[in-house]
Amino acid sequence: MGWFIFLVIVVGAIAAYKYRVPLLAKVLGQPQHRIQRAIDRKKGK
């Protein structure tokens, strides 16, 4: 049972990372392009 919970947490973390721009936009109430620009700026692109 512990492995199943661990697996669900890992899969959830990967999904949250993959869809971080739409999730952050919804939570923060900002447009997605603004969030993407901020992420790109932090990466140094």
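Residues numbered from 1 in each chain as written. Predicted model: local features only at pLDDT ≥ 70, side-chain atom pairs only at ≥ 80, totals over all residues. Heavy atoms only, no water.

1. Concerning a nonpolar patch on the surface
Judged by side-chain polarity, Met1, Phe4, Ile5, Val8 and Ile9 come together as a nonpolar surface patch covering roughly 570 Å² of accessible area. Here Val8 shows up in helix α1 (residues 2–18). (Patch = residues over 30% accessible without salt bridge, like charges linked within 9 Å, V, L, I, M, F, W, Y side chains within 5 Å. Areas by Shrake-Rupley, 256 points an atom, 1.4 Å probe, with all protein chains shown as cover. Salt bridge = Lys/Arg side-chain N within 4 Å of Asp/Glu carboxyl O. Helix = DSSP H or I, 4+ residues; strand = E, 2+ residues; numbered from the N terminus.)

2. Considering the confidence of the model for the chain
When pLDDT is averaged across the chain, the result is 91; 98% of the residues are at 70 or more. Mean pLDDT across the secondary structure elements of the chain bottoms out at helix α3 (residues 32–43), with 89, and peaks at α1, with 95. (pLDDT = per-residue confidence, 0-100.)

3. A short note on the packing of aromatic side chains
Any two aromatic rings considered together are summarised by their centre-to-centre distance and by the angle between their planes. Within the structure shown, the criterion is met by 1 aromatic pair. For the ring pair Trp3 and Phe6, a centre distance of 6.1 Å and an interplane angle of 90° mean the geometry is edge-to-face. With Trp3 and Phe6 both in helix α1 and 3 residues apart, the pair spans about one turn of that helix. A cation sits over an aromatic face here: Arg20 above Tyr17, 4.4 Å from the ring centre. (Phe/Tyr/Trp six-rings, centres within 6.5 Å; stacked < 30°, edge-to-face > 60°. Lys NZ or Arg CZ within 6 Å of the ring centre and 35° of its normal.)

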